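Remarks on the overall topology
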Amino acid sequence: MHGQVMVLGFLGTLISLERAQALGRAWAFLAPALFGVGALALISPAPPLLGELLQVEGALVFVATYIALWRRAPRPLVAVQVLSGVLVLGGAVVVTFAGASGALPWLAGFVIVTIAAERAELAALSMGRRADLELLALASALTLSVLSALVFPTVGERLVGVTVVAIAVWLAVHDVARRQLRLTGQHRYLATALLAGYANLLIAGLVLAVAGLRTSTATYDVVVHGVFLGFAVSMVMAHAPVILPAVLGRPLPYRPVLWVPLVLLHVSLGIRFTSALSGQNQLWQAGGVLGVLAMLTFLATAVTLVVRR
């Protein structure tokens, strides 16, 4: 249940809540509600199918939310977001039949496409108009490769890895983050979190393209946590001072203490990946514990900054 709870329950709720806020329609808030209640059902004594069906319904409302946003602004970047909704719906359906491992390409695609679209939207001035069409082409290629992995897992998973590498490189090249590293304060924090996230996405994509997903426990661990922790959570930490105020209606001011969970996260992943690939089980466990500590530290820090503000 871990993958479903974290990806659909946590990230699905967070992303669909932000999109519901953007649409401004009451019915759109059903998506985060269903994702969240579904996650609670999964960790309760209720039959797992109940939580899975609730999350499928949440994904359906999520797709409807994106379609409504597309009708309001029919732009290539919104079409990319619609594709991310299709991927999360496919993942929610596939996970009921094949489990989280079978749905991993779908869920990873959902997270990657969502965040890439978010970065393209926030950095529209620096990326230019062509960036929207380029990202739409990359997102379409990723969606097609995910579909192929459902039918031909061995070849399809490697195609997913190749497209993930392409998206990671595209983000690193086009994003303004490289220039922001020379700045100070929140700008440097944002740039560091973004580039570290792109690096983890690149590592996960390379491992997936070369070794596939099910070659070993070590490669599976690197792909899963490279995407969902190294990339996704790093993006959450980077954008928290921007996105959380829009969702909560309360400011989250930048403070240097935000560097602590960010550094802990990426140190933990470095330990986790090297020890997993070298077969050092105890060190791998230590990396996992440090990753949990990073998440808890970030949560405590964010709550404290919001309340004190």
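We now turn to the structure provided with this report. Not measured: the values here are computed from a predicted model. (Residues numbered from 1 in each chain as written. Predicted model: local features only at pLDDT ≥ 70, side-chain atom pairs only at ≥ 80, totals over all residues. Heavy atoms only, no water.)

**A word on the overall build of the protein**
- Looking only at helices and strands, the protein has 13 helices and zero strands in total.
- Reading the helices (α) and strands (β) of the protein from amino to carboxyl end gives α-α-α-α-α-α-α-α-α-α-α-α-α.
- Whereas a compact globule of 309 residues would reach a radius of gyration of roughly 19 Å, the protein reaches 18 Å, a difference of no more than 12%.
- Relative to its full complement of 309 residues, the protein shows a buried share of 52%.
- Per element, the accessible surface of the protein, about 13,600 Å² overall, is 71% carbon and sulfur.
- Taking the average place of the 19 positive charges on the side chains of the protein and the average place of its 10 negative ones, the gap between the two points comes to 10 Å. (Helix = DSSP H or I, 4+ residues; strand = E, 2+ residues; numbered from the N terminus. Rg over C-alpha atoms; globule rule 2.2 N^0.38 Å. Buried < 20%, exposed > 50% of the residue type's maximum accessible area, 1.4 Å probe, protein only. Areas by Shrake-Rupley, 256 points an atom, 1.4 Å probe, with all protein chains shown as cover. Lys, Arg positive; Asp, Glu negative; His and termini not counted. Charge placed at Lys NZ, Arg CZ, Asp CG, Glu CD.)

**Description of the pattern of salt bridges**
- The final tally for this structure, using the stated rule, is two salt bridges.
- Glutamate 18 serves as the salt-bridge partner of arginine 19, at 2.9 Å between the closest nitrogen and oxygen.
- Here aspartate 221 makes a salt bridge to arginine 272, at a shortest N to O gap of 3.0 Å. Taken together, the positions of aspartate 221 in helix 11 (residues 217-248) and arginine 272 in helix 12 (residues 259-278) put the pair 51 residues apart, joining distant regions of the chain.
- Among the residues examined, aspartate 221 registers a relative accessible area of 7% and is labelled buried.
- Judged by relative accessible area, arginine 272 falls into the buried class, the value being 11%. (Salt bridge = Lys/Arg side-chain N within 4 Å of Asp/Glu carboxyl O.)

**Some details on the side chain of aspartate 132**
- Within the secondary structure layout, aspartate 132 lies in helix 7 (residues 130-151).
- Buried aspartate 132, no salt bridge; nearest opposite-charge side chain is arginine 75, N-O distance 4.0 Å.
- When near neighbours in sequence (up to four residues on either side) are disregarded, aspartate 132 contacts Arg75, Pro76, Leu77 and Val80. (Contact = heavy atoms within 4.5 Å.)

**Quick look at the environment of tryptophan 284**
- Along the chain, the position of tryptophan 284 falls in helix 13 (residues 281-308).
- A relative accessible area of 28% places tryptophan 284 in the partly exposed class.

**So, the packing of aromatic side chains**
- On inspection of all chains with the given rule, the structure shows six aromatic pairs.
- Between tyrosine 198 and phenylalanine 231, the aromatic rings sit 6.5 Å apart at their centres with planes inclined by 40°, giving tilted as the arrangement. Of this pair, tyrosine 198 sits in helix 10 (residues 186-211) while phenylalanine 231 sits in helix 11, and the two are 33 residues apart along the sequence. Comparing tyrosine 198 with phenylalanine 231 shows no difference in burial state: the two are buried.
- Taken together, Phe35, Phe62, Tyr66 and Phe110 form an aromatic cluster joined through their ring pairs. (Phe/Tyr/Trp six-rings, centres within 6.5 Å; stacked < 30°, edge-to-face > 60°.)

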